[in-house]
Amino acid sequence: MSNKMHVNLNVNGEDHEFLAEPRELLIYALREKLNITGPHVGCETSHCGACTVTMNGKSVKSCTVFVAQANGAHVTTIEGLGNPDALHVLQENFKEHHGLQCGYCTPGMITRAAKLLEENPNPTEADVRFGIAGNICRCTGYQNIVKSILSAASEMNAAKEAAQ
Ligand code: FES
Ligand code: FES
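Here the residue numbers are simple positions, counted from 1 along each chain's written sequence. Chain letters and ligand numbers both follow the written order, the letters beginning at A and the numbers at 1. Given that this is a predicted model, residues contribute local features only at a pLDDT of at least 70 and side-chain atom pairs are listed and counted only at 80 or more, while totals for whole chains, interfaces and linings are drawn from all residues. Working from all heavy atoms in the structure, the side-chain values ignore hydrogens and water.

Notes on the overall build of the chain
Helix and strand content of the chain: seven helices and five strands. By definition, any uninterrupted DSSP run of H or I lasting at least four residues is a helix, any uninterrupted run of E lasting at least two residues is a strand, and each is numbered from the N terminus. In the chain, the succession of helices and strands from N to C terminus is β-β-α-β-β-α-β-α-α-α-α-α. Here the chain has a C-alpha radius of gyration of 16 Å; the compact-globule value for 164 residues is 15 Å, and the two agree. Note on areas: Shrake-Rupley, 1.4 Å probe, and residue coverage restricted to the protein chains presented here. With the model as given, the accessible surface of the chain reaches about 8,900 Å², and the carbon-plus-sulfur share is 51%. Using C-alpha atoms as the atom set, the radius of gyration is obtained and then compared with a globule rule of 2.2 Å times the number of residues to the power 0.38.

Pasting the structure below:
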């Protein structure tokens, strides 16, 4: 008897249906079933945030969501924010301000930062640091990540003003 369930997920605007054990974690469904390998696994204790995605409008650590809980959800990963030919303003700014080294935390960090800037388009440095407190980086010391996010925020605000 199979204990697998049908799971429907919309990831980065594309619908997917697959079979999964209910206990399977969302991060492994994304990486191993759908080949969306931007979100990473950095811990087993829900601390590092390398697995951060946006699920139904919230930043979530996909290592701590069962695929059963995600059934029917809309998920955005780093792959849905931009691509090498059309970078998201955060991706551009991480590149510009050296907000990454090994790149392992970066997909989670940028996905979190994108949601943070939606929640608070005019963050202070302290707001940014607090807003990414769920995302650990072992390479950068955070300083350039904060710079990248603040610079992306001003660019996004300037673009908004120009469009008005
Ligand atoms: S893998 Fe570390 S919080 Fe998800
Ligand atoms: S860039 Fe290496 S962990 Fe953040």
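Considerations on the environment of Ala163
Mapped onto the secondary structure, Ala163 falls in helix α7 (residues 143–163). Once the C-alpha coordinates of Ala163 and Ser62 are considered, the two residues, 101 residues apart in sequence, prove to be 35 Å apart.

Some words on the pairing of strand β2 (residues 14–20)
As judged from the seven bridges shared by strand β1 (residues 5–11) and β2, these two strands associate in the antiparallel manner. Note on β2: the bridge partner recorded for His6 is Leu19. Any two strands with at least two DSSP-identified bridges between them are counted as paired. In sequence, β1 turns back onto β2 through a hairpin of two residues, with Asn12 there showing a positive phi of about 50 degrees.

Examining helix α4 (residues 89–96)
Relative accessibility thresholds used throughout: buried, under 20% of the residue-type maximum; exposed, over 50%; partly exposed, between the two (1.4 Å probe, protein chains only). Considered for burial, the residues of α4 that qualify are Leu90, Gln91, Asn93 and Phe94. Considered in projection along α4, the buried side chains sweep an arc of 165 degrees and stay on one side of the axis. Those residues of α4 that are exposed and aimed more than 90 degrees away from the buried face are Lys95 and Glu96. Directly beyond the C-terminal end of α4, a positive phi value near 55 degrees is found at His98. Each C-beta atom gives one direction from the helix axis, and the arc is the one those directions make.

Some remarks on the environment of Leu90
Structurally, Leu90 can be placed in helix α4. Residues Leu90 and Ala152, spaced 62 residues apart in sequence, show a C-alpha to C-alpha distance of 5.4 Å. Here, residues are in contact when the closest pair of their heavy atoms is within 4.5 Å. In this structure Leu90 touches Ile110, Ala113, Ala114, Leu117, Ile149 and Ala152, once residues within four positions along its chain are discounted.

What about unusual backbone geometry?
Of note, Ser46 is a non-glycine position whose phi angle comes to about 65 degrees, a positive value. Even without glycine at this site, Tyr142 takes up a positive phi of about 75 degrees. Position of Tyr142 among the secondary structure elements: in the loop between α6 (125–131) and α7.

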